[in-house]
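Chain by chain, the residues:
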Amino acid sequence: MSVKQSDYETLLSEYSNRSGAIALLKQYRPYLELIPSMRRPQQSLITIPLPVVKLRHSKTSGDLQAIQLSCDLAILTCDPEWKIKMGTEILVFIHRPGEDFSGLLGRWRKTQVHLHQDYEWLMPLREQHMLSEGAAKIYPLFIIFETTPLRIQRGLAGADLPFLIQTSESELDTPEEMSQVALD
């Protein structure tokens, strides 16, 4: 079996929401511990689906080039009291339909290359006031499905990259679930 586009889209939309991102991080405790305040987790992170960064090509020039990263979601930590971005960034890579191990790993490698230079995030509207310069530490997290080929799971384990296996049955289709999402 292969990954369906609807499964990918469902997880992308779920994790784009702050409460969905927190639920994702709860599945991988080392990254959950990176959230600055567990008493106020909703205010301790920013989610950016299909993120865009502005790359600065040299320290002396002010030239910026905006590019979309190859990851599916960026989770940026921020101090809930001071409302400033912290130095920890978690980049989520969701296995896409038709993608094999080299494509999935290649997206992470391209992202590493881009973020190896000076950059700043193109922030969501409600967080545009925050200073959004690059991170002190970048953490990848790969999301694969039960239907993902085993070679991809073996490859991620062999590359010592963290991954979670998700079920393909997470469609939001009941009115109660839809209204709950609207409240988050």
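Predicted, not measured: the structure shown is a model, and the values here were computed from it.

Engineer: How would you sum up the packing of helix α1 (residues 5-16) against helix α2 (residues 18-26)? Please name residues and give values.
Structural biologist: One can describe the packing of α1 onto α2 by two numbers: an axis separation of 5 Å at closest approach and a directional angle of 105 degrees. By the angle class used here, α1 and α2 are roughly perpendicular. Residues Glu14, Tyr15 and Ser16 of α1 form the contact with α2, whose participating residues are Arg18, Gly20, Ala21 and Leu24. Looking at the contact of α1 with α2 residue by residue, the class counts come to 3 nonpolar, 2 polar and 2 charged.

Engineer: With reference to specific residues and values, describe the pairing of strand β2 (residues 52-56).
Structural biologist: In this sheet, strand β3 (residues 64-68) lies alongside β2 in antiparallel orientation, the contact comprising 5 bridges. Pairing of valine 53 across the sheet is with isoleucine 67, part of β3. Both β2 and strand β6 (residues 119-121) contribute to a ladder of 3 bridges, which runs antiparallel. The residue bridging valine 53 from the neighbouring strand is tryptophan 121, located in β6.

Engineer: If you had to explain the sheet that holds β6 to someone new, which residues and values would you point to?
Structural biologist: Taken together, the 3 strands give an open sheet; going across it, the order is β3-β2-β6, and neighbouring strands pair in antiparallel fashion. A single partner strand is all that each edge strand has here, and the edge strands are β3 and β6. When strand polarity is set aside, the average angle formed by the axes of neighbouring strands in this sheet is 30 degrees.

Engineer: Describe the nonpolar core, listing the residues and the values that go with them.
Structural biologist: Of all hydrophobic cores here, the largest spans 25 residues; its most connected members are Val53, Leu91 and Trp121. If you list the elements that add at least two residues to this core, you get β1 (45-49), β2, β4 (73-79), β5 (84-94), α4 (101-114), β6, β7 (137-145) and α5 (150-158). Those residues in contact with valine 53, other than ones at most four positions away along the chain, are Gln65, Ala66, Ile67, Leu69, Leu115, Tyr119, Glu120, Trp121 and Leu122. Membership of the second largest hydrophobic core comes to 22 residues, among which are Tyr8, Leu11, Tyr15 and Leu25.

Engineer: Lay out the environment of serine 37 in plain terms, naming residues and giving numbers.
Structural biologist: Mapped onto the elements, serine 37 comes out in the loop between α3 (29-32) and β1. Spatially, the C-alpha atom of serine 37 lies 7.2 Å from that of proline 80, the residues being 43 residues apart in sequence. Among the polar contacts made by the side chain of serine 37, one reaches the main-chain amide nitrogen of arginine 39 at a distance of 3.4 Å.

Engineer: Summarise the pattern of salt bridges; cite the residues concerned and give the values.
Structural biologist: Counted by the stated rule, this structure contains 10 salt bridges. Notably, a salt bridge pairs glutamate 99 with arginine 107, separated by 2.7 Å at the nearest N-O pair. Relative accessible area serves as the criterion here: at 13%, glutamate 99 is assigned to the buried category. Classification of arginine 107 as buried rests on a relative accessible area of 6%. Because the salt bridges share partners, they merge into one network encompassing Asp72, Arg96, Glu99 and Arg107.

Engineer: Before we move on, could you go through the environment of aspartate 100 and cite the residues and values that matter?
Structural biologist: Here aspartate 100 shows up in the loop between β5 and α4. Judged by relative accessible area, which is 33%, aspartate 100 ranks as partly exposed. In the structure, aspartate 100 is positioned 49 residues away from proline 149 in sequence and 8.2 Å away in space, judged by C-alpha atoms.

Engineer: Outline the pairing of β5, supporting the account with residue identities and numerical values.
Structural biologist: Burial analysis of β5 places 8 of its 11 residues in the buried class, the great majority of the element. In terms of strand pairing, β4 meets β5 through 6 bridges, oriented antiparallel. The residue bridging leucine 73 from the neighbouring strand is valine 92, located in β5. Linking β4 back to β5 in an antiparallel pair, the connection comprises 4 residues, with lysine 83 at a positive phi of about 55 degrees. Pairing of β5 with β7, which is carried by 7 bridges, proceeds in the parallel orientation. Bridged to phenylalanine 93 within β7 is phenylalanine 142.

Conventions and cut-offs
Residues numbered from 1 in each chain as written. Predicted model: local features only at pLDDT ≥ 70, side-chain atom pairs only at ≥ 80, totals over all residues. Heavy atoms only, no water. Axes fitted to C-alpha atoms, helices over the stretch in contact; angles between N-to-C directions. Helix = DSSP H or I, 4+ residues; strand = E, 2+ residues; numbered from the N terminus. Parallel < 35°, antiparallel > 145°, perpendicular 65-115°, else oblique. Contact = heavy atoms within 4.5 Å. Nonpolar A, V, L, I, M, F, W, Y, C, P; charged D, E, K, R; others polar. Pairing = 2+ DSSP bridges. Core = buried A, V, L, I, M, F, W, Y, C linked by side-chain atoms within 4.5 Å. Buried < 20%, exposed > 50% of the residue type's maximum accessible area, 1.4 Å probe, protein only. Polar contact = N/O pair within 3.5 Å; in protein donor to acceptor, adjacent residues only side chain to side chain. Salt bridge = Lys/Arg side-chain N within 4 Å of Asp/Glu carboxyl O.

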